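Letter by letter, the chains look like this.
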Amino acid sequence: MKALVISASLALALSAAPVFAQAAAGRGGAQPARPAAPATTPAPTTPAPAAAAPAPAPAPFPAGAKVAYVNLQMIANQSAEGKALTAKVQALMAKKQQDAATKQKQLADALNKLQQGGALLSEAARTALERDIDRMNTEGQRFQQDAQTEINELSQQLQNEFQQKLFPILNDIVREHDLHLLLSAADAGIVAGNAGIDLTLEAVRRLDEKTLAGSKPAAAAPAPAAAPAPATAK
């Protein structure tokens, strides 16, 4: 059975500009006129939204059924554990994207300096600037590759942790429902079936209960009784 998974786009906002690239068209040109903002009018009063209807109860598990399935991606998306692990990947991605943007700006500034003032630079200064641009290009490309590798490795590590917590729960479901097979909906290609054999929400509930139980602090041990004070001689 394939495990789920913690999905994340690995695209970074670092696309190294070619050395000596032409400046973007329109730099320094006149900005197009913008229409005046329309006068604001009070928004019409809308009635408060009605309370959301409670989610329907899951269909009962069919008596005697020996085959069931779960949607692994839905478990990862809806469970507290899956959300927490995905947040870790997203936090790393955000940091790498911020670092990439900083490097990209440094490269753009150097290119702009060369394009706008290169004719005023001495030969030695121009050569040094061109070398800096080459270096920043190379470092930027290497940074992107290293960042993607780091994100991939973290995703794989967290995916393994997720499987180690989820699969024992799936084994418990198989045993308690006396199943012959528990399928992955995506891998099995299920297109229709009795709604009662979809045990995805049961797996989410059990995983959340296990996560909640593991996050509770252990009860503090009772403090030992104070020893009686020694009797003083009179």
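Residues numbered from 1 in each chain as written. Predicted model: local features only at pLDDT ≥ 70, side-chain atom pairs only at ≥ 80, totals over all residues. Heavy atoms only, no water.

1. Thoughts on unusual backbone geometry
Link 1 in the chain: A positive phi angle, near 55°, is found at Asp-178, a position not held by glycine.
Link 2 in the chain: Structurally, Asp-178 is set in the loop between helix H3 (123-176) and strand E2 (181-184). (Helix = DSSP H or I, 4+ residues; strand = E, 2+ residues; numbered from the N terminus.)

2. A look at the pattern of salt bridges
Link 1 in the chain: A full pass over the atoms with the stated rule returns 12 salt bridges.
Link 2 in the chain: One salt bridge in this structure joins Glu-150 and Lys-96, with 2.9 Å as the shortest N-O distance. With a gap of 54 residues between them, Glu-150 in helix H3 and Lys-96 in helix H2 (residues 80-117) connect regions that are remote in the sequence.
Link 3 in the chain: Judged by relative accessible area, which is 36%, Glu-150 ranks as partly exposed.
Link 4 in the chain: Among the ionic pairs, Asp-109 bridges to Lys-105, the shortest N-O distance being 2.9 Å. One end of the pair, Asp-109, and the other, Lys-105, are both in helix H2, four residues apart, so they sit about a helical turn from each other.
Link 5 in the chain: The class of Lys-105 is exposed, set by a relative accessible area of 52%.
Link 6 in the chain: Each of the salt bridges in this network shares a partner with another, and the network as a whole consists of Asp-132, Arg-135 and Glu-139. (Salt bridge = Lys/Arg side-chain N within 4 Å of Asp/Glu carboxyl O. Buried < 20%, exposed > 50% of the residue type's maximum accessible area, 1.4 Å probe, protein only.)

3. Considering helix H5 (residues 200-215)
Link 1 in the chain: When the terminal C-alpha atoms of H5 are compared, their 23 Å separation across 16 residues agrees well with the 22 Å that a helix rising 1.5 Å per residue should span.
Link 2 in the chain: Among the residues making up H5, those that are buried are Thr-200, Glu-202, Ala-203, Val-204, Arg-206 and Leu-207. (Expected span 1.5 Å × (residues − 1).)

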